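Structural features, examined
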Amino acid sequence: MEDEMTATEETELFGDDFNTTSSIDVPELMIDQVIGQEHAVEVVKKAASQRRHVMMIGTPGTGKSMLAKAMAELLPKEELEDIMTYPNLEDNNNPKIREVPAGKGREIVLAHKMEARKKAQSRNMMMMFLVLGIVMYSFYVGQLLWGIIAAIMILMLTRQFMPKEELMIPKLVVSNYQKEKAPYIDATGTHAGALLGDVRHDPFQSGGLETPAHDRVESGDIHKSHKGVLFIDEINTLRLESQQSLLTALQEKEYAITGQSERSSGALVKTEPVPCDFIMVAAGNLDAVEKMHPALRSRIKGYGYEVFMRDSMEDTLENRKTLVRFVAQEVVRDGHIPPFDKGAVKEVIRESRRRAGRKGHLTLKFRDLGGLVRVAGDIAHSENAEITTATHVLAAKKIARSIEQQLADSYLERRKDYQLFDKLGSSVGRVNGLAVMGGDSGIVLPIMAEVTPTQSSAGGHVIATGMLKDIAKEAVQNVSAVIKKVTGEDISNHDIHIQFIGTYEGVEGDSASISIATAVISALENIPIDQTVAMTGSLSVRGDVLPIGGATYKIEAAAQAGIKKVIIPKSNEADVLIEDYYKDKVEIIPVATIAEVIEHSLVGEDKAGIVEKLKNMSNKKIDLAARSKKVAGSDDV
Ligand SMILES: Nc1ncnc2c1ncn2[C@@H]1O[C@H](COP(=O)(O)OP(=O)(O)OP(=O)(O)O)[C@@H](O)[C@H]1O
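Residues numbered from 1 in each chain as written. Predicted model: local features only at pLDDT ≥ 70, side-chain atom pairs only at ≥ 80, totals over all residues. Heavy atoms only, no water.

Considerations on the site of the ligand
Neighbouring residues of the ligand: 17 residues in total, closest Ile 35, Gly 61, Ser 65, Glu 330 and Arg 333. For the ligand, an oxygen atom lies 2.7 Å from a polar atom in the backbone of Gly 61. Between Met 66 and the ligand, the recorded distance is 2.9 Å, taken from a backbone N or O atom to an oxygen atom. Look at the ligand: alone it shows 630 Å² of surface, and the protein chains cover 88% of it. Put simply, the parts of the chain that give the shell around the ligand at least two residues each are helix 4 (64–74), helix 12 (317–334) and helix 14 (366–382). Partitioned by chemical class, the residues of the shell around the ligand number 6 nonpolar, 6 polar and 5 charged. Residue contributions to the shell around the ligand reach at least three from each of two domains, namely domain 1 (7–21 + 311–399) and domain 2 (37–101 + 179–309). (Near = heavy atom within 4 Å. Polar contact = N/O pair within 3.5 Å; in protein donor to acceptor, adjacent residues only side chain to side chain. Areas by Shrake-Rupley, 256 points an atom, 1.4 Å probe, with all protein chains shown as cover. Helix = DSSP H or I, 4+ residues; strand = E, 2+ residues; numbered from the N terminus. Nonpolar A, V, L, I, M, F, W, Y, C, P; charged D, E, K, R; others polar. Domains from an automatic or database assignment.)

Some words on the packing of aromatic side chains
A full pass over the atoms with the stated rule returns 4 aromatic pairs. Directly above the ring of Tyr 177 sits Arg 106, whose terminal nitrogen or CZ lies 4.0 Å from the centroid. (Phe/Tyr/Trp six-rings, centres within 6.5 Å; stacked < 30°, edge-to-face > 60°. Lys NZ or Arg CZ within 6 Å of the ring centre and 35° of its normal.)

Some details on the sheet that holds strand 4 (residues 171–174)
Sheet strands pair by backbone hydrogen bonding; their relative direction is either parallel or antiparallel. Overall, antiparallel pairing links the 3 strands, which are arranged 3-2-4 in an open sheet. One side of each edge strand has no neighbouring strand; the edge strands of this open sheet are strand 3 (96–101) and strand 4. Put simply, the sheet's adjacent strands are angled 35° from each other on average, direction ignored. When strand 2 (residues 81–86) meets strand 4, the two strands line up antiparallel, connected through 3 bridges. Bridge pairing in strand 4 places Met 84 opposite Leu 172. Against the sheet, helix 5 (residues 104–140) engages strand 2, strand 3 and strand 4, with an angle of about 35° to strand 2. (Pairing = 2+ DSSP bridges. Axes fitted to C-alpha atoms, helices over the stretch in contact; angles between N-to-C directions. Contact = heavy atoms within 4.5 Å.)

Some details on the confidence of the model for the chain
Looking at the chain, the pLDDT average stands at 86 and 89% of residues meet or exceed 70. Throughout residues 618–637 the model reports pLDDT below 50, and contacts reaching past four residues in sequence, or to other chains, amount to 48 contacts. (pLDDT = per-residue confidence, 0-100.)

Concerning the sheet that holds strand 1 (residues 53–57)
Strand order in the open sheet made by the 5 strands is 5-8-9-1-10, with parallel pairing throughout. If you trace the sheet from one side to the other, it starts and ends with strand 5 (184–186) and strand 10 (304–308), each paired once. Going across the sheet, the axis of each strand differs from the next one's by a mean of 15°, ignoring polarity. Taken strand by strand, helix 3 (residues 38–50) contacts strand 1, strand 9 (279–284) and strand 10, and its axis lies near 165° from that of strand 10.

Some points on the UniProt feature "active site" (unreviewed entry) in the chain
With numbering matched to this structure, UniProt assigns "active site" (unreviewed entry) to Ser 511 and Lys 554. For this annotated set, covering 44 residues, all C-alpha atoms fall within 11.0 Å of each other, a compact arrangement in space. Under the relative-accessibility criterion, Lys 554 is labelled buried at 0%. Polar side-chain contacts of Lys 554 include one of 3.3 Å to the backbone oxygen of Gly 549. (UniProt positions renumbered as here; feature names shortened; annotations may be inferred. Buried < 20%, exposed > 50% of the residue type's maximum accessible area, 1.4 Å probe, protein only.)

Some words on the packing of helix 13 (residues 342–356) against helix 15 (residues 390–399)
For the pair helix 13 and helix 15, interaxial distance at closest approach is 7 Å and the crossing angle is 35°. Where helix 13 approaches helix 15, its residues Gly 343, Ala 344, Glu 347, Val 348 and Glu 351 are matched on the opposing element by Ala 390, Val 393, Leu 394 and Lys 397. Grouping the amino acids of the contact of helix 13 with helix 15 by side-chain chemistry returns 5 nonpolar, 1 polar and 3 charged.

A short note on helix 13
Over its 15 residues, helix 13 runs 21 Å from end to end, which matches the ideal 21 Å to within 8%, given 1.5 Å per residue. Burial analysis of helix 13 places 13 of its 15 residues in the buried class, which makes it a mostly covered element. Once helix 13 ends, the next one or two residues include Gly 357, with phi positive near 65°. (Expected span 1.5 Å × (residues − 1).)

Some points on the pairing of strand 17 (residues 494–500)
Taken together, the 7 bridges between strand 15 (residues 441–453) and strand 17 define a ladder with antiparallel strand orientation. Looking across to strand 17, one finds that Val 451 is bridged to Ile 496. Where strand 16 (residues 462–465) and strand 17 come together, 4 bridges link them in parallel fashion. Bridge assignment links Val 462 to a residue of strand 17, and that residue is Ile 496.

In structure tokens, the structure reads:
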């Protein structure tokens, strides 16, 4: 619910220089609107002045394309040029290319068209007089029929053989007419033709009906971004041949246009080299760096800059003020949503803290946060409100749910329908684990364990199923080391089966480690697990519970599923910022060791012995910072 703030609280939260976002000044230049990416901004400014390429790596929605657009604004528009194709009388299949100052191309084409029209008019006039003369003379000498035949033949011959001025009109293939700034072209996901240019197919090709080759030339994004910025997101998804051609274009700063389809008449045509002196901003996540063409990568590395985008910033007054400005910017950019009052901005800041998932930080995933601002504004607008308030933001949070969140809801329903997880009673070898999908939505992920005598003469195996990826597989191995030590059982004669239930998207990360350990210990010792508990946490081989990502979302998912207690790593305690309406529905139990996990999750007296053994494990401190965290893009459990 909305809570009132005192004036002092307000000042502490975001200073006192505004009542609603309408009084906040929004910088004019886009580069000054970029928030929280100071390093990237500095690099972009430098790269713009030195005309260097830039590679931006980081989470989606943190401002990569915004920075590329901002870079275009920084480039001198005085250097812009138009590019034109002209017919080549010596070789029709090799159209000529000419550059002219920006805006001039249109004038040239218009002048040629006028000229052609004038010539065509006077030619038509001449023909009319000639035909009329012939017809009148033939009538006069009584040979009207022959006269008409002769007139028709003359008309046909002149059509065929007279020069056709309209076919000589140059074509403007890159126009910067009245452009206020250097071009910004987003070539994400384009095919070769759109990227490198193409020559259209000509079905007639000869006989006087053909379209001249220069008129069929279409420029590509590399040409349209001449003297501007070419932005390519997920560059690794471009075909290798296209990446190779892009590299040639980068090196040569010109690239001839030819038909991309081998079976088209366009493939016969190749223009003179077409200028393409663009700055490339390539973007993506770490995957993009690994999978892009090595030569292209080394070109950027050698002749440009590489920037890693941050995904959160410190929660300081200064940064919160920039967040207020972000809301103001989004309101202005949208154009029809009402300004936000302090209460509404406070809710946005709160959401930004929640989404950061990290103590004392604010998220920089502004695309998603911008979505929330717009939905809140839309709700206010639909109510004809003059101001967007906290109530609108709270309502927006319920509506503006990501696909992953909606998917998580549907998983929850399906799991409830088929009773895939329990929230009551106790059962052996069955744990309510927790996972996150898409970075911002939690799900309950049941894990089951069974221990059976092995049939193999080579000794027992750990068999884990549920589409586990590398880190998850390693986590299973590490957990079995703990189990061996803890239970004191000779488990070499046993096979340990671990099953992740309903993991259709695969399992990544190691935060299911304490759940696996608990399930296996329960199965080995035949001690039931309390099903009112869910848990998340990774585990060191010495029994320490280590931090995980997405604690807030996981707790909320458990609460939504009706689970009463959630065990989380103590080191994540400060990251948790769950929604108010979940607060009294779920108890959060922070733990530091596996002994505490067992203490809180196993049922009955028999657990005491195990807890004792676990407590004796070394509690030597380990370097938490060195632990690698979640790998983006897949389920993290
Ligand atoms: N650092 C930022 N400062 C201010 N606004 C931002 C920032 N990052 C993103 N935004 C807002 O979010 C919108 C989307 O961001 P943008 O498209 O630049 O993200 P991206 O990193 O390129 O994501 P993707 O890789 O998915 O394309 C921007 O138009 C802007 O409104």
